[in-house]
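Coordinates in review
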Amino acid sequence: MTPHDPAISSAAALSLEGRILAHRRLLVELLRRLPDDVRADLTDWLDQHALYQDGQEDPGAVPGDAVALELARADEFRALAEMFSAGSR
């Protein structure tokens, strides 16, 4: 099965989403428990990796699968950084 496979049922997609959310929350909680200096370094790292520079000049261009994967990765880093910073206040 691939992410674009119609054989992935709605229940399976929801199950995967729930698992991803659980892992995200666990990761953020682990980050919160780190010493301040390590947390600051990881926050900087997340901020740097939350941006994807594709060099694309055409804003209407449709990204290929590889670019879509990198954009999703950057989006996940951004979500983690937002959750981490919201809980660190």
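Structure report, in brief. Fair warning: this is a prediction, and the values are worked out from it, not measured in the lab.

Turning our attention to the overall build of the protein chain. Along the protein chain, the regular secondary structure elements total three helices and zero strands. The linear arrangement of helices and strands in the protein chain, starting from the amino end, is α-α-α. With 89 residues in all, the protein chain has 11% of them scored as buried. Long-range contacts, defined as pairs at least 24 residues apart, comprise 65% of the intrachain contacts of the protein chain with a sequence gap of at least 6. For the protein chain, the exposed area adds up to about 6,900 Å²; of that, 59% sits on carbon and sulfur atoms.

Once that is clear, we can look at the packing of aromatic side chains. Geometrically, a pair of aromatic rings is defined through the distance of the ring centres and the angle of the planes. Enumeration according to the criterion identifies one aromatic pair in this entry. A centroid spacing of 5.1 Å and a plane angle of 85 degrees characterise the contact between Trp-45 and Phe-77, whose relative ring orientation is edge-to-face. In this pair, Trp-45 sits in helix 2 (residues 36-49) while Phe-77 sits in helix 3 (residues 65-87), placing the two residues 32 residues apart along the sequence. Judged by its relative accessible area of 16%, Phe-77 is buried.

So, about the environment of His-49. Summarising the element assignment, His-49 is placed in helix 2. Each C-alpha atom, one on His-49 and one on Arg-78, is 7.9 Å from the other, the two residues being 29 residues apart in sequence. Setting aside anything within four residues of it in sequence, one finds His-49 in contact with Arg-73, Ala-74 and Phe-77.

In this section: the pattern of salt bridges. In total, this model carries six salt bridges according to the counting rule given. A salt bridge links Asp-36 to Arg-39, with the nearest nitrogen and oxygen atoms 2.6 Å apart. Of this pair, Asp-36 and Arg-39 both sit in helix 2, three residues apart, which is roughly one turn of that helix. Since its relative accessible area comes to 57%, Asp-36 is described here as exposed. Look at Arg-39 and you get partly exposed, because its relative accessible area is 21%. Between Arg-78 and Asp-75 there is a salt bridge whose closest N-O contact spans 3.4 Å. Here the residue Arg-78 and the residue Asp-75 both occupy positions in helix 3, the gap between them amounting to three residues, near one helical turn. Under the relative-accessibility criterion, Arg-78 is labelled partly exposed at 34%.

Our next topic: a negative patch on the surface. Together, Asp-37, Asp-41, Asp-44 and Asp-47 give the surface a local cluster of negative charge. When you line up the elements, Asp-47 lands in helix 2. The class for Asp-47 is partly exposed, based on a relative accessible area of 41%.

Reading the values: the criteria
- Residues numbered from 1 in each chain as written.
- Predicted model: local features only at pLDDT ≥ 70, side-chain atom pairs only at ≥ 80, totals over all residues.
- Heavy atoms only, no water.
- Helix = DSSP H or I, 4+ residues; strand = E, 2+ residues; numbered from the N terminus.
- Buried < 20%, exposed > 50% of the residue type's maximum accessible area, 1.4 Å probe, protein only.
- Contact = heavy atoms within 4.5 Å.
- Areas by Shrake-Rupley, 256 points an atom, 1.4 Å probe, with all protein chains shown as cover.
- Phe/Tyr/Trp six-rings, centres within 6.5 Å; stacked < 30°, edge-to-face > 60°.
- Salt bridge = Lys/Arg side-chain N within 4 Å of Asp/Glu carboxyl O.
- Patch = residues over 30% accessible without salt bridge, like charges linked within 9 Å, V, L, I, M, F, W, Y side chains within 5 Å.
- Lys, Arg positive; Asp, Glu negative; His and termini not counted.
- Charge placed at Lys NZ, Arg CZ, Asp CG, Glu CD.

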